[in-house]
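Residues per chain, in single letters:
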Amino acid sequence: MDFDLAREIMVDSQIRPNDVTDPRIVSAFLRTPREVFVPNARKGVAYSELEITTSPGRALWIARDTAKLIKMAEIQPADVVLVVGAGAGYEAALISHLADTVIALEETAQLVDAMSQRFATIGVDRAAPVEGPLAKGLPGQAPFDVIFVAGMIELLPDAWTEQLRDGGRLVAVVADAGGMGRGKVFTKAGNTVSAREGFDCCPPRFSAFDRKPSFSF
């Protein structure tokens with residue numbers, strides 16, 4: 001399979017037509033081999049308009065949703081970015097072409113080690129995989145200019161927004177009560193955080209950040 005051609009077709013059919021035309025973002029997608037981040041049995045559909053499970057509880061989104069959320073983050077060349085729930089590392093690799101430093105946070109040594117190997121294979125040197133609990137973020141290396149949440153959530157932990165620099169942005173897809181998602185950017189100004197909504201989507205969710213069931217009598 002010609003993965004280079006498939007990558008170009010993905011960009012031309014899934015990203016540019018969906019209002020993501022920033023040359024830096026387009027270049028990041030063209031330079032990042034998506035096939036490296038999917039299981040061997042799924043490499044043939046790596047560039048299809050599909051969500052692809054990469055490990056239990058982790059998946060690559062369709063390219064359109066990833067691109068639109070990255071666009072909302074407004075990542076600058078000097079930014080330090082934390083990717084929460086980095087999974088296979090695809091989003092962190094993409095963002096490494098846009099930012100100065102990317103920290104890819106995952107919960108297990110197995111995922112972190114696999115990411116490190118993938119990054120070394122394709123020459124990603126601005127993204128560092130780190131192990132730790134997702135809900136706590138990475139306070140020891142905060143503050144961050146951008147936090148990118150790589151799974152749909154219902155609840156936004158305070159720890160994440162507390163780790164934003166003044167003027168920093170957190171982007172995530174937040175699910176409503178009906179389970180549908182909305183891309184949002186949360187911007188920190190002093191002690192306040194304001195939210196702006198973007199696009200509708202329904203990517204794979206992080207079930208650990210679902211609302212707890214409530215009971216009434």
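Note on numbering: residues in each chain are counted from 1, in written sequence order. Residues qualify for local features only when their pLDDT is at least 70, as the model is predicted, and side-chain atom pairs are given and counted only at 80 or more; totals for whole chains, interfaces and linings, by contrast, use all residues. Excluded from the side-chain calculations are hydrogens and water; all other atoms, namely the structure's heavy atoms, are used.

Draft legend 1. View of the pairing of strand β4 (residues 101-106). Of all 6 residues in β4, 5 are buried; the element is thus mostly enclosed. DSSP-based pairing: two strands are paired if at least 2 bridges between them are found. In DSSP terms, a helix is any run of H or I states spanning at least four residues, a strand is any run of E spanning at least two, and both are numbered starting from the N terminus. By the bridge criterion, 5 bridges tie strand β3 (residues 80-84) to β4 in an arrangement that is parallel. Note that in β4 the partner of Val80 across the bridge is Thr101. By definition, the crossover connecting two strands over a helix is right-handed if that path, from the first strand to the second, turns clockwise as seen with the strands pointing away from the viewer. Handedness of the β-α-β unit built from β3, helix α4 (residues 90-96) and β4 comes out right-handed. The pairing of β4 with strand β5 (residues 127-131) spans 5 bridges and is parallel. Paired with Ala104 across the two strands is Pro129, which belongs to β5. In the classification by handedness, the crossover that spans β4, the intervening helix α5 (residues 109-122) and the parallel β5 is right-handed. To sort residues, take the accessible area from a 1.4 Å probe on protein chains only and compare it with the maximum for the residue type: under 20% means buried, over 50% means exposed, and anything in between is partly exposed.

Draft legend 2. Structural view of the packing of aromatic side chains. Paired rings are identified among Phe, Tyr and Trp, the last through its six-membered ring, by centres lying within 6.5 Å, and are further divided according to the angle between planes into stacked (under 30 degrees), edge-to-face (over 60) and tilted (the rest). Applying the stated criterion across every chain, the model contains 6 aromatic pairs. In this structure an aromatic cluster arises from ring pairing among Phe29, Phe37 and Tyr90.

Draft legend 3. Spotlight on the pairing of β3. Here β3 lies mainly inside the structure; 4 of its 5 residues are buried. Across 4 bridges, the pairing between β3 and strand β6 (residues 144-149) is parallel. Paired with Val83 across the strands is Phe148, a residue of β6.

Draft legend 4. Here's a closer look at the sheet that holds β6. With respect to topology, 7 strands assemble into an open sheet ordered β5-β4-β3-β6-β7-β8-β9, the strand pairing being mixed. In the strand order of this sheet, the two ends are held by β5 and β9 (192-201), each with one partner. Between one strand axis and the next, the sheet turns through 20 degrees on average, direction left out of account. With 7 bridges connecting them, strand β7 (residues 164-175) and strand β8 (residues 181-189) associate as antiparallel partners. Pairing of Ala172 across the sheet is with Lys184, part of β8. Seen against the sheet, helix α3 (residues 63-73) touches β6, β7, β8 and β9 and runs at an angle of roughly 155 degrees to β9. Contacts from α5 reach β4 and β5, with the element oriented near 165 degrees to β5. For every element, the axis is a line fit to its C-alpha atoms; helices are fit only across the contacting stretch, and the angle between N-to-C directions ranges from 0 to 180 degrees. In what follows, a contact means two residues having at least one pair of non-hydrogen atoms within 4.5 Å.

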